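These are the residues of each chain, in order.
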Amino acid sequence: MYRYKPFGGGSLATENTCVHGAGVFGCCTANLAECTGSLFFIVKGRILSMKKLLSILLALCLLFGMVFVAAVPAAAAAGEITVVLSYLADESGFWIAPAEFTVSPGLAEKYGYTDSFGGTQVSALDAIVAAHEFVFADALTDYLTVSGSGMISNFMGDGAGNFVYLVNGELASVGAGSQALSDADTFALFALQDTDMWSDAYAWFAVDGSKVTQLVADVDEEITLTLECIPAIGWGSDRVYEAYDAQIVPVELTAGAGLFGAPLATTDDDGEAVISFDAPGTYYISATTGEYDFPVMSPWLVVTIPDWEQALADVQTYLATTLTAPTFGTEWVVLALARSGAAVPAGYYEGYYASVKDTLQKNNGVLPGSGTRKTEYSRLILALSALGADVTDVAGYNLLTPLTVFNDVIAQGVNGAIYALLALDSNRWELPASSQTTRQKLVDYIVGEALPTGGFTWWDGLDVDLTGMALQALAPYASQPAVQTVIDASLTALSAAQLANGSYDSWGSESPEAVAQVVVALAALGIPAATDARFNQASGNLLSALLAFQLANGGFKPGFEAAANAMTTEQAAYALAAYARFKSGENALFDMRDAPALLTEEPVEQPPELTPLQKWEAKLPAWLHGIIALQDWFEWVIYYVFFGWIWDVI
């Protein structure tokens, strides 16, 4: 039996570099031993003209949901595997768009067919039967004929049985009954179009010379695709060439089928075409023969455009509703909301500012925990600068003063220097002339801590988070040759450390925090995180990797947890704010010279609660208050006269 699962926008199994597998050209069967003729696996015969009519009827059936889908059994059968199966019939589209099929061994035998494994292992013939069962249900035997010797003479209702199959992007080298399949294989079936000259070309999309089945891009980003081919059979199959004048088409998924839409672009003489998308979403792309000499076996490409703007709006709402009354210690939330222009309730920032002033006043200007961590002041300076506040006078205290002692700043190591530099540069705050700390000393210290191989570390080996932070601080100083050298080496190291899905590994799990810091760093350096080739990997980029950790409530979870985490959410929020500012041409996240004055009103201090006696006195008439005041005056006079006389006597 088999189970079918639509393949949505998920990750296709990685296809190997195309190797031109051997097969048989001539009378081919399900078992290679029964094939005759030359090399290259093809079933001889002509595709009947009624195939187009059949494909149209099938599409209509699929459209109205008449295709049978096997029920999912309660438990997995022994030896069953999941393969990504597809079938391309003709230029109208895929009868079966790439989808996950769970196939059990012995499916062929269920219908009286025979493979070389006797039901002990899934064969390509089992997968072919699964494809027919999906399309034709129990009537599949009317459309699939396999002789006792294994010869396939009727395939998908084509009495001539013209087809070719590929496993993991490679042309098959044995008959279907002898080809074993493994879990997570891709199994592609193609109906041949040219049965006179056998000129069908197996095609795939390439970007910058690399074969791709998935891409992640940004809204309106121009994507240059190259349609590359090899002959499916016969001559010249060792040469890759480009298909010119081919049509790049969108694919509409309908009840398991994939029907081609109007062309998006036409490949030029170099086989290249440029496409783009003006809205977020998941797009399915293929190609068909245009004026090109040879029929194209249409490739499959999934293009994902992450909706980072909606992700930013969702995390803004999450932060503002989760933290309804920010206080000292919630600086990163305040910064993320302020720098992303989030809508917050009236008095939101004023309440936070009042808490900061109260903390300073209660502690005589010394922030809690700042004895060994001057980053407490750096963090507060960044948050207040985002609000357009004057950090040199907060409740009478200058927050820059603790950063004037250089050794105190670097007591935490390079992290202290990074955030001190970010804080000073946030609004180009000036330290007094007597300050031991200078911007250049901080820059030199950070540069001196860089690894020879690029990047920065806490202990040993590249630390992505710390490297991203360092680049954020160094970005304004890129004109200095030593700084640019460190930046270039660090970018190379960060690109090399990226996972295939665009994320980063930290202590054995993926780290959205590391991704967030790199997004902020690239924005500060003027590098597009979503489109720069160095940070677009096989199945994702930095933005898609970051958004993979966002939950339905708008918060972000760490790689090792299922629930939203405060630190992860804060960093993801200001990373998205940094990217949004980059896209709109605004100042970088930590360059707050453009920050509006968000502290528009001072919170009104409420009078202390009156005692019952005070409430009673407040109701007395004014003339009685005068008598009471006069009585108080006489009491004080008598008091001083009496005690003054006693003092003299003594």
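All values reported here derive from a predicted model rather than from experimental measurement.

A. Quick look at the packing of helix 5 (residues 331-339) against helix 6 (residues 348-362). Across the interface, helix 5 lies against helix 6 with an axial gap of 12 Å and an inter-helix angle of 150°. Classed by the angle they form, the pair helix 5 and helix 6 counts as roughly antiparallel. Like other packed secondary-structure pairs, helix 5 and helix 6 cross with a definite hand, here left-handed. Facing Glu331, Val333, Val334, Leu337 and Ala338 of helix 5, the residues of helix 6 in contact are Tyr348, Tyr349 and Tyr352. Taken together, the residues of the contact of helix 5 with helix 6 break down into seven nonpolar, no polar and one charged.

B. Region of interest: the pairing of strand 12 (residues 201-207). The buried fraction of strand 12 amounts to six of the seven residues, a majority that puts the element mostly inside the structure. In terms of strand pairing, strand 12 meets strand 15 (residues 223-231) through six bridges, oriented antiparallel. Across the sheet, the residue bridging to tryptophan 204 is glutamate 228, located in strand 15. Relative to strand 22 (residues 296-297), strand 12 runs parallel, the two being bridged by two bridges. Bridge pairing in strand 22 places tyrosine 202 opposite methionine 297.

C. Seen up close, the confidence of the model for the protein. Looking at the protein as a whole, the pLDDT averages 83, with 79% of positions reaching at least 70. Low pLDDT (under 50) marks residues 603-607, which in the prediction has two contacts with non-local residues, meaning those over four places away or in another chain. This stretch, residues 636-650, has a pLDDT under 50; its non-local contacts, to residues over four places away or in other chains, come to zero contacts.

Analysis parameters
- Residues numbered from 1 in each chain as written.
- Predicted model: local features only at pLDDT ≥ 70, side-chain atom pairs only at ≥ 80, totals over all residues.
- Heavy atoms only, no water.
- Axes fitted to C-alpha atoms, helices over the stretch in contact; angles between N-to-C directions.
- Helix = DSSP H or I, 4+ residues; strand = E, 2+ residues; numbered from the N terminus.
- Parallel < 35°, antiparallel > 145°, perpendicular 65-115°, else oblique.
- Left-handed = near helix turned anticlockwise from the far one by under 90°.
- Contact = heavy atoms within 4.5 Å.
- Nonpolar A, V, L, I, M, F, W, Y, C, P; charged D, E, K, R; others polar.
- Buried < 20%, exposed > 50% of the residue type's maximum accessible area, 1.4 Å probe, protein only.
- Pairing = 2+ DSSP bridges.
- pLDDT = per-residue confidence, 0-100.

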